[in-house]
Amino acid sequence: MLKKSTQIVFILLISKIILNASIVGSKHDLSVTNYYGAMGTTTEVCAFCHTPHNSNSDIKRALWNRKITDENAFTLYGGVHGIPNNPSFLCLSCHDGVSSQGDMSAVNATDTHNVINSPGSGHATNPLTPNCNACHFRDGNMFPNKVWRIGPDLTDDHPVSVSYENAKAVRPNEFEGTPLNGLKLFDGNVECSSCHDPHVVENPAFLRIANVNSDLCKSCHIK
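Positions within a chain are numbered from 1, following the residues in the order the chain's sequence is written. Two thresholds apply to this predicted model, a pLDDT of at least 70 for residue-level local features and 80 or more for giving and counting side-chain atom pairs, whereas whole-chain, interface and lining totals are computed over all residues. The side-chain values count all of the structure's non-hydrogen atoms but skip hydrogen atoms and water molecules.

J.: Hey, could you go over helix 2 (residues 86-95) for me, with residue numbers and the actual values?
T.: A large share of helix 2 lies buried, amounting to 7 of its 10 residues. The buried label applies to any residue whose accessible area, calculated with a 1.4 Å probe on protein chains only, is under 20% of its type's maximum; exposed applies above 50%, and partly exposed to all values in between. Think of it this way: any DSSP run of H or I at least four residues long counts as a helix, any run of E at least two long counts as a strand, and we number them from the N terminus. Every buried residue of helix 2 is listed here: Pro87, Ser88, Phe89, Leu90, Cys91, Leu92 and Ser93. Pairs of residues are marked as contacts when any of their non-hydrogen atoms sit within 4.5 Å. Next to the buried residues of helix 2 lie helix 6 (192-195). Directly beyond the C-terminal end of helix 2, a positive phi value near 80° is found at Gly97.

This is how it looks when you write it as structure tokens:
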């Protein structure tokens, strides 16, 4: 169990993130304050991704409140089968995108629609699910847009869980020394969160910076 002081720090940190980045009302807000105008089940915005207790022990980062059913289902860029690193793994616990439209997925419907630990007395007796309309029946369509349903085949997406230094060593004239404009590396690796920040709502697709004139791409790539 977390010490009381640790719980307070966690709550303050999450509160700071919400206030500074205005995730409330954004597309990542699945609570009753949500962007989608759907009926909500809780006012707790953070609970759909984070929990201070009983978080996913396989993802040792961010007190993650979601699961991935089949961790070995992913094919990384270059055709190599493997498990993405934690920062990308947690994004894929939603964006893998299970559906009944024949899409491949590493996440089953139960894990997609439920968190590990719900607010209140506990997950066993107090389940929490996303608001259905947040993903379904948008713009008259039963299923959400495929653009964010990435699936376990990552070979057609920008590489994640790859070393920036290794890429730079192979093509030294094509990469900046370190990423510019606030783009981040995680333990030296490029991950989903290198370009996207789930709490930043100012730019489309939660990009860390606007990609005007390919500025996002040119933060790493010399063109």
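There's more to say after this.
J.: How would you summarise the packing of aromatic side chains if you had to cite specific residues and measurements?
T.: Ring pairs shown here join Phe, Tyr and Trp side chains whose ring centres sit within 6.5 Å, with only the six-membered ring taken for Trp; geometry is labelled stacked below 30 degrees between planes, edge-to-face above 60, and tilted in between. Taken as a whole and judged by the stated rule, the model has 2 aromatic pairs. Ring centres of Phe74 and Phe89 lie 6.2 Å apart, and the angle between their planes is 70°; this geometry places the pair in the edge-to-face category. In this pair, Phe74 is assigned in the loop between helix 1 (4-21) and helix 2 and Phe89 in helix 2, connecting sequence segments 15 residues apart. With a relative accessible area of 3%, Phe89 lands in the buried category. When the centroid spacing of 5.7 Å and the interplanar angle of 80° are considered together, the rings of Tyr164 and Phe175 count as edge-to-face. Of the two residues, Tyr164 is situated in helix 5 (residues 164-170) and Phe175 in the loop between helix 5 and strand 2 (189-190); the sequence distance between them amounts to 11 residues. Taking relative accessible area as the criterion, Phe175 reaches 14% and is therefore assigned buried.

J.: Tell me about the side chain of Asn56, residues and numbers included.
T.: Locating Asn56 in the fold gives a position in the loop between helix 1 and helix 2. For Asn56, a relative accessible area of 9% corresponds to the buried category. Apart from residues lying up to four places away in sequence, Asn56 is in contact with Trp64, Arg66, Lys67 and Ile116.

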